[in-house]
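Structure at a glance
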There are 2 protein chains.
Amino acid sequence: MLESTVAAIRPLDEPAMVAAGELHGRLTKPAGSLGALEELSVRLAGLAAACPPPLPEPAAVAIFAGDHGVHAQGVTPWPQEVTAQMVGNFLAGGAVVNAFARQVGASVTVVDVGLATPLPPAPPVPAGGPRLVAANVRPGTRDLAVTAALTRDEARAAVETGIRVARELIDAGAGILLTGDMGIGNTTPAAVLVAAFTGIAPAEATGRGTGVDDPTYARKVDVVRAALARHAPDPADPLGVLAAVGGLEHAALAGLILGAAARRVPVLLDGVIAVSAALAAAAFAPEAVGAMVAGHRSAEPGASAALRHLGLDPLIDLGLRLGEGTGALLALPVVTGAVRVLHEVATFDSAGVAEK
Amino acid sequence: MLESTVAAIRPLDEPAMVAAGELHGRLTKPAGSLGALEELSVRLAGLAAACPPPLPEPAAVAIFAGDHGVHAQGVTPWPQEVTAQMVGNFLAGGAVVNAFARQVGASVTVVDVGLATPLPPAPPVPAGGPRLVAANVRPGTRDLAVTAALTRDEARAAVETGIRVARELIDAGAGILLTGDMGIGNTTPAAVLVAAFTGIAPAEATGRGTGVDDPTYARKVDVVRAALARHAPDPADPLGVLAAVGGLEHAALAGLILGAAARRVPVLLDGVIAVSAALAAAAFAPEAVGAMVAGHRSAEPGASAALRHLGLDPLIDLGLRLGEGTGALLALPVVTGAVRVLHEVATFDSAGVAEK
């Protein structure tokens, strides 16, 4: 499934992009006056091979949840059980991602791709409420500080879970996928992934995650440095990188991105977990970048390095570092607005407005 | 009306801000992880003197349209008639501001505060569609390059039109006002206003507006410099500054901001026209800044200078330079999301999530 998905990913459609650029020139606004929204809408025309491209509706957030063996190294002050507890909170509709999803009418799908602790008893979910997909590959990764986090088969299973979720959401009608994640400790594997794929130094790739103190931060940088030295991940072998130093949610997100790109549906990236997974997706299939929209610039330094490497400019930059998909959801109206302009705005001719 | 409105503007409510900060600390997310959204929601609690503050709904965009005598100086390649033609486009629902307003469910009110040319025949407007308010103070300003743009009485009439529109929209239920503007040539008075209130140099305050060429830009900077020298506007006399070098839409927007601040309703600022008017509003009433939310960072350099002077950080920064209210509308979901968090997100206690 991974190989056929990668093989299905094709370049953007040039004629549709040219048509979108020309349409922009006829709309009642000064040329170029919508800035980054114009480039974005042109790229989405290329992705859809249609001008105008379809409105990115309805939106579906997929939150992949997993635990991390590297938690044992003391890289975060939060107990590991919080991953499952927060999944319970997502399913009950009580997290920030739920509030933001309700605001924009996005569905929420929570995928257990690797929880280490049992879920709390589930409250009744109202119709149309958050949905749980049980797809646990293993109960958390192994500790990447001492061994490979996953076998290649486990990494592949997680990637293919992401591809399968993308297909299901798109088959159910989603016009755009948004990446979400939950996993106590998951900024540590994200930092290793960013360093492995971009070549930046461990201290540059590593941030403070939920806001760790100085000793914890120093430990985290040491763990990232040691993992790179131990595993010597080869960026030309993305499955090997994900297996050695990734997380189950990172691998699944890479799959979600590939699955969306193969179906030519845009995927709106959240923060550092998402963009570290996007680096893996781009290593599998460079043309997958054409389907990616960077939702926001996370406060994590590794996120900015990953975005630079991918050549993506984020739509929102407000110092968020929450994850869950919250930054992607905040950016969704910008993406929709960019496309809506090509559908709804009058031309100079049709509106009887003089040109300069 | 101006004096009583200014007198009604009061500081933010400290207890409500403290309560909002404490509430943020109990919600199921790492402390501070929503970045600028947390500060924004705390400020809006202070404005409303309530925690949580009301959701900023429904939203109302007020687009003030006016023409400019300085058009005669060749500061823009667009014909003056385009102001009225674009007002026709707003009323027909064909402009970018209409597309963005439909997306977020905002009402659109277009105020003729100073059109110089007659409106084109109006198409039928559907119920709930854009509304025209006829409040023409005069058919465009005089040429600020050769004389005062307005008399003090005319400037006051425009400011009070803005106050009146704010009151009417709030009385009709608006939970947030968004600034919009239309006026061929209006970035030239905006640049003079920014230079007058902030003290920056004419070349720093002046941008390329709709995208003017080098000779036009040089002419525009010369006009801004000469206007400052001719009128020597005194920033301690905001009505005098607006009369000497402002536009009717700039003056009305200053009034809209003051009217919103007096009623403790947030006002979401669009681009350089809005923030130049906001400088005037802050000169009338420094506490009015508490009601201002900077929607976006316009590509116009004067906008950034004005935001710095006001101490405001914009929510969106995507190189837009269209005006109309488009940047404010793009930012609206961020404002709503920031407040929604305080209404809807579960606490650690209520969700059964462990703390670090």
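Residues numbered from 1 in each chain as written. Chains lettered and ligands numbered in written order. Predicted model: local features only at pLDDT ≥ 70, side-chain atom pairs only at ≥ 80, totals over all residues. Heavy atoms only, no water.

A closer look at the pattern of salt bridges
- In total, this model carries 26 salt bridges over all chains according to the counting rule given.
- For the salt bridge of Arg-156 of chain A with Glu-160 of chain A, the shortest nitrogen-to-oxygen distance reads 3.5 Å. One end of the pair is Arg-156 of chain A and the other is Glu-160 of chain A, both in helix H6 (residues 152-171) and four residues apart, which spans about a single turn.
- According to the relative accessible area criterion, Arg-156 of chain A is partly exposed, its value standing at 26%.
- When salt bridges with common partners are traced through the structure, they connect Glu-57, Arg-340 and Glu-344 of chain A together with Arg-102 of chain B into a single cluster. (Salt bridge = Lys/Arg side-chain N within 4 Å of Asp/Glu carboxyl O. Helix = DSSP H or I, 4+ residues; strand = E, 2+ residues; numbered from the N terminus. Buried < 20%, exposed > 50% of the residue type's maximum accessible area, 1.4 Å probe, protein only.)

Overview of the packing of helix H3 (residues 36-48) of chain B against helix H14 (residues 326-344) of chain B
Residues and elements named next belong to chain B.
- Running from N to C, H3 and H14 point in directions that differ by 75 degrees, and their axes come no closer than 9 Å. By the angle between their directions, the pair H3 and H14 is classed as roughly perpendicular. Between H3 and H14, the residues in contact are Leu-37, Leu-40, Ser-41 and Leu-44 and Val-334, Val-335, Ala-338, Val-339 and Leu-342, respectively. (Axes fitted to C-alpha atoms, helices over the stretch in contact; angles between N-to-C directions. Parallel < 35°, antiparallel > 145°, perpendicular 65-115°, else oblique. Contact = heavy atoms within 4.5 Å.)

A short note on the sheet that holds strand S4 (residues 176-182) of chain A
Residues and elements named next belong to chain A.
- Taken in spatial order, the six strands line up as S3-S2-S1-S4-S5-S6 in an open sheet, and their pairing is parallel. The sheet is open, and its two borders are formed by strand S3 (131-134) and strand S6 (292-294), each paired with just one other strand. Looking at each pair of strands side by side, their axes are set apart by 30 degrees on average, direction ignored.
- Where strand S5 (residues 267-269) meets S6, three bridges bridge the pair, whose relative direction is parallel. (Pairing = 2+ DSSP bridges.)

A few points about the relation of the copies chain B and chain A
- Its rotation angle being 180 degrees, the transformation that places chain B on chain A also includes 0.0 Å of axial translation and leaves an RMSD of 0.0 Å. Viewed as a symmetry operation, the transformation between the two copies matches a two-fold axis. When each C-alpha of chain B is compared by its distance to the rotation axis, Ile-316 of chain B comes out closest, at 3.1 Å.
- A shared binding surface is used by both copies, with 100% of the interface residues of chain B retained as interface residues in chain A. (Least-squares fit on C-alpha atoms with pLDDT ≥ 70 in both.)

Quick look at helix H9 (residues 214-231) of chain B
All names here are of chain B.
- Across its 18 residues, H9 extends 26 Å between first and last C-alpha, which sits within 8% of the 26 Å expected from 1.5 Å per residue.
- The complete set of buried residues in H9 reads Thr-216, Tyr-217, Lys-220, Val-221, Val-223, Val-224, Ala-227, Leu-228 and His-231. The buried side chains of H9 occupy one side of the element, clustering within an arc of 155 degrees when seen end-on. Facing away from the buried side of H9 by over 90 degrees, the exposed positions are Asp-214, Pro-215, Ala-229 and Arg-230.
- Looking at the buried residues of H9, the elements they touch are helix H7 (187-198), helix H8 (202-205) and helix H10 (238-245). (Expected span 1.5 Å × (residues − 1). Arc of directions from axis to C-beta.)

Description of the interface of chain B and chain A
- Listed by partner, the interface residues are 52 residues for chain B and 52 residues for chain A.
- Roughly 4,400 Å² of surface becomes buried between chain B and chain A when both sides are summed, with 65% attributable to carbon and sulfur atoms.
- Per-residue buried area on chain B facing chain A is highest for Gln-103, Leu-318 and Lys-356 of chain B; these three make up 15% of the total on that side.
- Linking chain B to chain A there are two salt bridges.
- Two residues, Arg-102 of chain A and Glu-344 of chain B, come together in a salt bridge whose shortest N-O distance is 2.9 Å.
- Counting the contacts that link chain B with chain A gives 20 residue pairs in polar contact (both at pLDDT 80 or more).
- Broken down by secondary-structure element, the contributors of at least two residues to the side of chain B that touches chain A are H3, helix H4 (82-92), helix H5 (96-104), H14 and helix H15 (348-351) of chain B.
- Per-element accounting of the side of chain B that touches chain A gives the leading share, eight residues, to H14 of chain B. (Buried area = accessible area lost by both parts, 1.4 Å probe. Polar contact = N/O pair within 3.5 Å; in protein donor to acceptor, adjacent residues only side chain to side chain.)

Regarding the nonpolar core
- If you look at the biggest cluster of nonpolar residues, it comprises 278 residues, and the most contacted ones within it are Leu-177 and Met-292 of chain A together with Leu-177 and Met-292 of chain B.
- When near neighbours in sequence (up to four residues on either side) are disregarded, Leu-177 of chain B contacts Ala-60, Ala-166, Leu-169, Ile-170, Leu-256, Ala-260, Val-265, Pro-266, Val-267 and Leu-268 of chain B. (Core = buried A, V, L, I, M, F, W, Y, C linked by side-chain atoms within 4.5 Å.)

With respect to the sheet that holds strand S4 (residues 176-182) of chain B
Residue and element names in this part refer to chain B.
- Spatially, S3-S2-S1-S4-S5-S6 is the arrangement adopted by the six strands of the open sheet, whose pairing is parallel. In this open sheet, the two edge strands, each paired with only one partner strand, are strand S3 (131-134) and strand S6 (292-294). Shown here is a sheet whose adjacent strand axes are inclined to one another by a mean of 30 degrees, direction ignored.
- Across two bridges, S4 lies against strand S5 (residues 267-269) in parallel orientation. Paired with Leu-177 across the strands is Val-267, a residue of S5.

Details of the layout of surface pockets
- Volume-wise, the largest pocket comes out at about 510 Å³.
- If you trace the largest pocket, you find 23 residues lining it, with Leu-318 of chain A together with Ala-36, Asp-313, Pro-314 and Leu-315 of chain B closest to the centre.
- Of all the secondary-structure elements, those providing two or more residues to the lining of the largest pocket are H3 and S6 of chain B.
- Grouping the constituent residues of the lining of the largest pocket by class yields 14 nonpolar, one polar and eight charged.
- Empty space within the second largest pocket amounts to approximately 410 Å³.
- Lining the second largest pocket are 24 residues, with Gln-103, Val-104 and Pro-333 of chain A together with Gln-103 and Val-104 of chain B sitting closest to its centre.
- For the lining of the second largest pocket, the secondary-structure elements that each account for two or more residues are helix H5 (96-104) and helix H14 (326-344) of chain A together with H5 and H14 of chain B. (1 Å grid on protein atoms, 1.4 Å probe; cavity = no way out; pocket = protein on both sides within 12 Å on 5 of 7 lines; lining within 4 Å. Points joined across faces, edges and corners; volume = space filled by probe spheres on them. Nonpolar A, V, L, I, M, F, W, Y, C, P; charged D, E, K, R; others polar.)

Details of the packing of aromatic side chains
- In the structure shown here, the tally under the stated rule is two aromatic pairs over all chains.
- Cation over ring: Arg-208 of chain A sits above Tyr-217 of chain A, and NZ or CZ is 4.8 Å from the ring centre. (Phe/Tyr/Trp six-rings, centres within 6.5 Å; stacked < 30°, edge-to-face > 60°. Lys NZ or Arg CZ within 6 Å of the ring centre and 35° of its normal.)

Comments concerning the environment of Val-82 of chain A
- The residue Val-82 of chain A is located in helix H4 (residues 82-92) in this model.
- Separated by 35 residues in sequence, Val-82 of chain A and Thr-117 of chain A place their C-alpha atoms 9.1 Å apart.
- Residues contacting Val-82 of chain A, with those up to four places away along its chain left out, are Met-182 and Ile-184 of chain A together with Val-353 and Ala-354 of chain B.

Looking at H6 of chain A
- Compared with the 28 Å implied by 1.5 Å per residue over 20 residues, the 28 Å span of H6 of chain A between its first and last C-alpha is a close match.
- The positive-phi residue at the C-terminal boundary of H6 of chain A is Gly-173 of chain A, with phi of around 115 degrees.

Describing the side chain of Asn-186 of chain B
Residue and element names in this part refer to chain B.
- With respect to the helices and strands, Asn-186 occurs in the loop between S4 and H7.
- What makes Asn-186 buried here is its relative accessible area of 6%.
- Separated by 3.1 Å, the side chains of Asn-186 and Asp-181 make a polar contact.
- Non-local contacts of Asn-186, meaning those with residues more than four positions away in its chain, are made with His-68, Asp-181, Glu-249, His-250 and Ile-273.

Section: the domain arrangement of chain A
All names here are of chain A.
- Here chain A is described as being made up of domain 1 (2-53 + 342-351) and domain 2 (59-336).
- Distance between the C-alpha centres of domain 1 and domain 2: 28 Å.
- Between domain 1 and domain 2, the residue contacts involve 17 residues of the former and 26 residues of the latter.
- Between domain 1 and domain 2, the buried area comes to about 1,700 Å², and carbon and sulfur atoms account for 64% of it.
- Ranking the residues of domain 1 by area buried against domain 2 places Leu-2, Ile-9 and Leu-47 at the top, with a combined share of 39%.
- Our count for the contact surface shared by domain 1 and domain 2 stands at one salt bridge.
- We note a salt bridge from Glu-3 to Arg-156, for which the minimum N-O separation is 2.9 Å.
- Inspection of the domain 1/domain 2 interface yields nine residue pairs in polar contact (both at pLDDT 80 or more).
- For the side of domain 1 that touches domain 2, the secondary structure elements donating two or more residues are helix H1 (2-7) and helix H3 (36-48).
- Here the side of domain 1 that touches domain 2 gets six residues from one element, more than from any other, and that element is H3. (Domains from an automatic or database assignment.)

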